[in-house]
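# Overview (structure and organization)
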Amino acid sequence: MSTLLEIRDLTVRIDLPGGPVFPVRDVSLRIGPGETLGLVGESGCGKTLTCLSVMGLFGRRVSVESGEIAFKGTPLDPKSRADRARRARGMGMISQNPMTGLNPVRTLGWQVAEAYRIRTGSSRRAAAARAVELLDLVGIPEPRRRSRDYPHQISGGQQQRAMIAMAIAGEPALLVADEPTTALDVTVQAQIVELLSRLQRDLGMGMLFVTHDLGLVAEVADRVAVMYAGRVVEMAPAAELFARPRHPYTQGLLTSLPFLDDEVERLSPIDGTVPSLRAMPRGCAFAPRCPHASEICRTAVPDLSGAVACHHPLAVRTEAA
Amino acid sequence: MSAVLAEATEPDEPRPLLRVAGLARRFSLPRTSLFGPRPELTAVADVSFDLAAGETLAVVGESGCGKSTVGNLVLNLLSPSAGSIRFDGEDLASADDTRWRDRRRDLQLIFQDSRSALDPRLTVEAQVAEGLEIHKVATAADRKIMVAAMLEAVGLGGDLARRYPHELSGGQQQRAVIARALVLEPKLVVCDEPVAALDVSVQAQVVNLLRDLQRNLGLAYLFISHDLSLVRHVADRVAVMYLGRFVEVAECRDLFAAPAHPYARALIGAVPAARSRRGRLVRPLRLEGEPPSPMNPPSGCPLHPRCPFATDLCRTELPALRPRADGRSVACHHAEASQADGLEAQGGSDASQPLKVFP
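Since this is a predicted model, take the numbers as computed values, not measurements.

## Looking at the confidence of the model for chain B
All names here are of chain B. Across chain B, the average pLDDT comes to 86, with 92% of residues at or above 70. Looking at the elements of chain B, mean pLDDT is at its lowest for helix α1 (residues 2–9), recorded as 46, and at its highest for strand β3 (residues 56–60), recorded as 97. Every residue in residues 1–11 is under pLDDT 50, and counting partners more than four places away or in other chains gives seven contacts. Scored below 50 in pLDDT, residues 347–359 shows 14 contacts in the model against residues more than four places distant or in partner chains.

## Comments concerning the sheet that holds strand β7 (residues 188–192) of chain B
Residue and element names in this part refer to chain B. Across the sheet, eight strands lie side by side as β6-β7-β8-β3-β9-β10-β12-β11; this open sheet has mixed pairing. Two strands in the sheet have a free side with no partner beyond their single neighbour: β6 (107–110) and β11 (322–323). Strand direction decides the pairing type here: β6 and β7, joined by four bridges, are parallel. Bridge assignment links Leu109 to a residue of β7, and that residue is Val190.

## What to know about the nonpolar core
By size, the foremost hydrophobic cluster in this structure holds 69 residues, and its most contacted members are Leu151, Val154, Ile178, Val238, Val240 and Phe256 of chain B. No other element matches the seven residues that helix α8 (residues 200–217) of chain B contributes to this core. Filtering out sequence-adjacent residues up to four positions away, Ile178 of chain B remains in contact with Ile110, Val154, Val206, Leu209, Leu210 and Leu213 of chain B. By size, the runner-up hydrophobic cluster in this structure holds 36 residues, among which are Tyr116, Ile140, Met205 and Val220 of chain A.

## What to know about the packing of aromatic side chains
All names here are of chain A. One pass over the structure, following the stated rule, counts five aromatic pairs over all chains. Plain terms: the ring middles of Tyr228 and Phe286 are 5.2 Å apart, the flat faces sit at 85 degrees to each other, and that makes the pair edge-to-face. Of this pair, Tyr228 sits in strand β9 (residues 223–228) while Phe286 sits in the loop between α11 (248–256) and α12 (295–299), placing them 58 residues apart in sequence. Each member of the pair, Tyr228 together with Phe286, is buried. The ring of Trp110 has Arg106 lying over it, and the distance from NZ or CZ to the ring centre is 3.9 Å.

## A look at the UniProt feature "domain: ABC transporter" (unreviewed entry) in chain B
Annotation from UniProt places "domain: ABC transporter" (unreviewed entry) at residues 18–268 of chain B. With 38% helix and 25% strand, residues 18–268 of chain B has end C-alpha atoms that lie 27 Å from one another.

## Concerning helix α4 (residues 108–120) of chain A
All names here are of chain A. For α4, with 13 residues, the first-to-last C-alpha span of 18 Å sits near the 18 Å given by 1.5 Å per residue. All of the buried residues in α4 are Leu108, Gly109, Gln111, Val112, Ala113, Ala115, Tyr116 and Arg119. Of the surrounding elements, those touching the buried residues of α4 are α2 (81–90), β6 (91–94), α3 (98–101), α5 (124–137), α6 (143–146) and α7 (156–168).

## A word on the pairing of β9 of chain A
Residues and elements named next belong to chain A. Among the six residues of β9, six are classified as buried, and the element is accordingly described as predominantly covered. Burial of the side chains of β9 extends over both faces: Arg223, Ala225 and Met227 are buried on one face and Val224, Val226 and Tyr228 on the other. Pairing analysis gives four bridges linking strand β3 (residues 36–40) to β9, with the strands arranged parallel. If you follow Val40 over to β9, its bridge partner there is Val226. Across six bridges, the pairing between β9 and strand β10 (residues 231–237) is antiparallel. Bridge pairing in β10 places Val224 opposite Ala236. In this antiparallel pair of consecutive strands, β9 and β10, the connection spans two residues, and Ala229 shows a positive phi of 50 degrees.

## Remarks on the pattern of salt bridges
Across all of its chains, the model carries 35 salt bridges over all chains by this definition. Among the salt bridges present, the one from Asp213 of chain A reaches Arg275 of chain B, with a minimum N-O distance of 3.8 Å. Remark: Arg275 of chain B occurs in the loop between α11 (262–269) and α12 (312–316) and Asp213 of chain A occurs in the loop between β8 (206–211) and α9 (214–220); the pair is interchain, linking two chains. Since its relative accessible area comes to 18%, Asp213 of chain A is described here as buried. Measuring nitrogen to oxygen at the nearest pair gives 3.4 Å for the salt bridge that ties Arg121 of chain B to Asp119 of chain B. Because the salt bridges share partners, they merge into one network encompassing Asp88, Glu90, Arg99, Asp102, Arg103, Asp106 and Lys187 of chain B.

So, how was this worked out
- Residues numbered from 1 in each chain as written.
- Chains lettered and ligands numbered in written order.
- Predicted model: local features only at pLDDT ≥ 70, side-chain atom pairs only at ≥ 80, totals over all residues.
- Heavy atoms only, no water.
- pLDDT = per-residue confidence, 0-100.
- Helix = DSSP H or I, 4+ residues; strand = E, 2+ residues; numbered from the N terminus.
- Contact = heavy atoms within 4.5 Å.
- Pairing = 2+ DSSP bridges.
- Core = buried A, V, L, I, M, F, W, Y, C linked by side-chain atoms within 4.5 Å.
- Buried < 20%, exposed > 50% of the residue type's maximum accessible area, 1.4 Å probe, protein only.
- Phe/Tyr/Trp six-rings, centres within 6.5 Å; stacked < 30°, edge-to-face > 60°.
- Lys NZ or Arg CZ within 6 Å of the ring centre and 35° of its normal.
- UniProt positions renumbered as here; feature names shortened; annotations may be inferred.
- Expected span 1.5 Å × (residues − 1).
- Salt bridge = Lys/Arg side-chain N within 4 Å of Asp/Glu carboxyl O.

This is how it looks when you write it as structure tokens:
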């Protein structure tokens, strides 16, 4: 399979007054054309920084320490202007809070048209017409009228739809969706998830779908990468990950969640809390919370050979359970 | 209304810990024109329910539906525009300040945002002791013992008790809030999204703690949440709220097996299939559009502009929350049709092909 996006051993550095921290470490991910890769993990695990690395959207204190991101087979240089243009043409991003991505002093139509012109180089007139079509495509009612509205005049769900219209304008090959539905109500979330899946199918986009919601990622993603404390700890096809988690952390996340049709007396949480960036354990970051941890876990970082970064991966269960 | 009648006809029935009848709360908003009337927003309309000692009633709904307002009204943090709240047989809305101070011990609150609920200048120990001091519970020496025991029970014993809030993780802060609420041995605790701000792996710890404490102390919980799989796990009964009204009240198990109100069905159907072990029980219902603004609610049934079952009747007449033979109450003109339609797929849905659920 050809590769749309490849991240190789990415380490991200943030320079803080107390010295540098490394919130993303040795992350490698691959997305094929038309494929959805789910990226799940708890807050602070490095999901969003991984997205921003792909988009090349770093603040002043943030930099790529090592590793490489290749788009359509060619590495991207974070400093090159040509590569920035390549990103802008080939990638679109949706963030959790649509208001951070929308310009409050421009109309929706203007913003979608701008995104379209940047990606396609078309004329203003053509872009304005296309913007109305795009607003229609993402399910905004009365798109012609709405295209003259400003972001604050529409609801959160409609704002997220407008963000999606901007992100897919000009049909980018890759869509990066960072918690696209977290800020929305569940009935609206269902609509947005359906919309994203439909657009992806129709436009053949690859998608990096970031969420903390394990249930949601099972619905959306083909493959899922689980991140913990800056590293990918498990990678598997979505169905397999849920049926047979192999990393103790993945299993812990799954048993922490109540099921709708399962009556258990007590949930099985993961003991303890996520280590802070300044006090990362020397070996496996999950070792202090892991019931299976042994001496080697405390000294050596397990690598993601195959599908699971663990010294004691859980046995693949047979269908008995 | 029916609850009040039931009390009159069956005097032997045990008195509920909390009885809420016809509760409403309206807010006046700033004038939009100089001489125009002040617009009003109805946050809660005609809400009635009973809550027994030791029971958990969950209130679920989307943001802005009025569920937190119900919690605040029960705690008398807001005063109702209409209706009554009887706690232990006593009407709290009319109680004077002194009486309130006494009763407040029995009614406690756990907020979503534990960081802002804690005093940053007090150690955990001191925060938990504060309530006991205010209510003059026991002697100073006994208070110390009670605080230590409570902190031990929520897993903040030893060194952690002498820390300040900023030195604790989010989960530990929420434990401190819980300890502070429960050290007074309340009868009713309003939990307003108690774990929504916590990471999944820590959520389960706090949920287990809340259940253990309920069992040991016989607490009643009014559990306000938007997380349905969590509600399924903790609640005895569930009230589904939409635009300020209860639209369905049912035993937890019944509701999740076969929701009757189209909105309840939409909420349950919106939970990803992977959150059920055997795939979906209920065929999801797609609602059109988004919740309308409570400032300008639709005529008739508040759900009708979004509901596929809506008829002319729904557009004109507000359905009452009627008790049904199966023990639940539903406010819908077409509940039977919606419920039957939702069950069509039983046994046939497949979690491995979840996207097909939206035809």
